[in-house]
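Residue-level structural notes
Listed below, chain by chain, are the residues.
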Amino acid sequence: MKKNRLGTSDLYVSEVGLGAMSLPENEKDVTYLVDKALDQGINFIDTADLYYFGRNETTIGKALKGKRDQVILATKVGNHWEEGKEGWFWDPSKAYIKDAVKQSLRRLNVDYIDLYQLHGGTLDDPIDETIEAFEELKAEGVIRYYGISSIRPNVIREYIKKSSIVSVMMQYSILDRRPEETVLDLLHEHQISVIARGPVAKGLLSDHGLTKVSDQGYLDYSKEDLATIITQLKKDVAKERSLSELAIRYVLTHPAVAVAIPGASKESQLLANIHASEFPSLTSEEIKAIQQITKANVYAAHR
């Protein structure tokens, strides 16, 4: 599988990674899916301390026993929770980040984290303090690099200006083209990579997408909009590809995007995601057709 450099780091990530949030909780199933992903060329796995309140990190850690050198491992921090207590709250403080990383290392059963990411963020955060925490962890060798997970253009601009982030994770898909407005070009200009989550839009951009359309719609698309778009994409653009393969290849089109991380809860989904890497890049005609069928969404807030 093709590998792309993550920002200015020395991390080279498979263009399709494994988003761990959708993985089952069963340890045996997780190990099977992780092994299958590694066998098929995936080397980037992304989790977070909040997923299943730490249990996702634990199962990933067990699945990677003896295989740590095969993986670029990413996790996230910022949602403050304590074992045995319900709920969580946002906490980007230096003290919490430096304590939380110890817990993630313990659950993952590793000595270091390749990419440590702030799991959100607003302009009201103590951004300088947050950056200081990540820089110290990097200097200590606890993490190799850091990034943020954010869709907010103004927050992203602050981190570009003040930090040495190598990546920004953001939701990006054919149905959520907000990053195209300003962020993708901005990050590419500064040699910061995008990790695209949600490329198949909760399964809407799959061959079973019509069964997943609900009355709530998706973002600013109505139920009727979605049914029309999914049908048109499958008929006029996907053709020899599955819709999920088309969707994943679309987000990989922009040079800022280093890796797409669709989720997978079962083997068939994982293999469909991986299969997308085997198809050639979309042509300019295919990209134009997709963009004519869908909306150029814009950020209504968080500028």
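Scope of this entry: the structure provided in the associated data block. (Residues numbered from 1 in each chain as written. Predicted model: local features only at pLDDT ≥ 70, side-chain atom pairs only at ≥ 80, totals over all residues. Heavy atoms only, no water.)

Two numbers describe how helix α2 (residues 55–63) lies on helix α3 (residues 94–108): the axes approach to 7 Å, and their chain directions differ by 45 degrees. Of the possible angle classes, the one that applies to α2 and α3 is oblique. Side by side, α2 and α3 meet where Glu57, Thr58, Ile60 and Gly61 of the first sit next to Ser104, Arg107 and Leu108 of the second. The class makeup of the residues in the contact of α2 with α3 is two nonpolar, three polar and two charged. (Axes fitted to C-alpha atoms, helices over the stretch in contact; angles between N-to-C directions. Helix = DSSP H or I, 4+ residues; strand = E, 2+ residues; numbered from the N terminus. Parallel < 35°, antiparallel > 145°, perpendicular 65-115°, else oblique. Contact = heavy atoms within 4.5 Å. Nonpolar A, V, L, I, M, F, W, Y, C, P; charged D, E, K, R; others polar.)

Residues other than glycine predominantly adopt negative phi, and peptide bonds predominantly adopt the trans conformation. Phi at Asn109 takes a positive value of approximately 60 degrees, unusual for a residue other than glycine. With respect to the secondary-structure elements, Asn109 resides in the loop between α3 and β8 (113–118). Asn109 sits in the exposed class, given a relative accessible area of 60%. Of note, the phi angle at Ala201 is positive, near 50 degrees, even though the residue is not glycine. Relative to the helices and strands, Ala201 is located in the loop between β11 (193–197) and α7 (223–238). (Buried < 20%, exposed > 50% of the residue type's maximum accessible area, 1.4 Å probe, protein only.)

Its location among the elements puts Arg177 in the loop between β10 (167–171) and α6 (183–189). Arg177 gets classed as buried once you look at its relative accessible area, which sits at 6%. Of note is the side chain of Arg177, whose polar atom sits 2.9 Å from the side chain of Glu180. Side-chain polar atoms of Arg177 contact the side chain of Thr294, separated by 3.1 Å. Those residues in contact with Arg177 that sit more than four places away from it in its chain are Tyr172, Tyr250, Gln291, Thr294, Lys295, Ala296 and Asn297. (Polar contact = N/O pair within 3.5 Å; in protein donor to acceptor, adjacent residues only side chain to side chain.)

Right, let's talk about the side chain of Lys98 for a bit. Looking at where Lys98 falls in the secondary structure, it is placed in helix α3. There is a polar contact of 2.9 Å between the side chain of Lys98 and the side chain of Glu140.

Among the seven residues that make up strand β9 (residues 143–149), six are buried, leaving the element largely enclosed by the rest of the structure. The pairing of β8 with β9 spans five bridges and is parallel. Across the sheet, residue Leu118 finds its bridge partner in β9, namely Ile148. The parallel pair β8 and β9 is bridged by helix α4 (residues 127–140), and the resulting crossover is right-handed. Sheet topology note: the β9/β10 ladder contains two bridges and is parallel. The partner of Ile148 across the bridge, within β10, is Val168. (Pairing = 2+ DSSP bridges. Right-handed = clockwise from strand over helix to strand, strands pointing away.)

Let us now look at the sheet that holds strand β5 (residues 72–77). Two modes of strand pairing occur in sheets, parallel and antiparallel, and in both the strands are linked by backbone hydrogen bonds. Taken together, eight strands build an open sheet; the order of strands is β3-β4-β5-β8-β9-β10-β11-β12 and the sheet is parallel. Since the sheet does not close on itself, it has two edges, and those belong to β3 (18–19) and β12 (257–261), each with one partner. Pairing of β3 with strand β4 (residues 44–46) involves two bridges; the strand directions are parallel. Each residue of the ladder has a partner; that of Gly19, found in β4, is Asp46.

It is worth spelling out the layout of surface pockets at this point. Vacant regions in the atomic arrangement are exposed by a probe of water-molecule size rolled over the atoms. There is about 980 Å³ of room inside the largest pocket. For the largest pocket, the lining is made up of 36 residues, of which Ser22, Val200, Lys202, Gly203 and Gly263 are closest to its centre. Considering every element that reaches the lining of the largest pocket, the biggest residue donor is helix α9 (residues 267–275), with four residues. (1 Å grid on protein atoms, 1.4 Å probe; cavity = no way out; pocket = protein on both sides within 12 Å on 5 of 7 lines; lining within 4 Å. Points joined across faces, edges and corners; volume = space filled by probe spheres on them.)

Bringing α2 into the picture now. Within α2 the residues assigned to the buried category are Asn56, Glu57, Thr59, Ile60, Gly61 and Ala63. The inward-facing, buried residues of α2 contact α1 (27–39), β4, β5 and α3.

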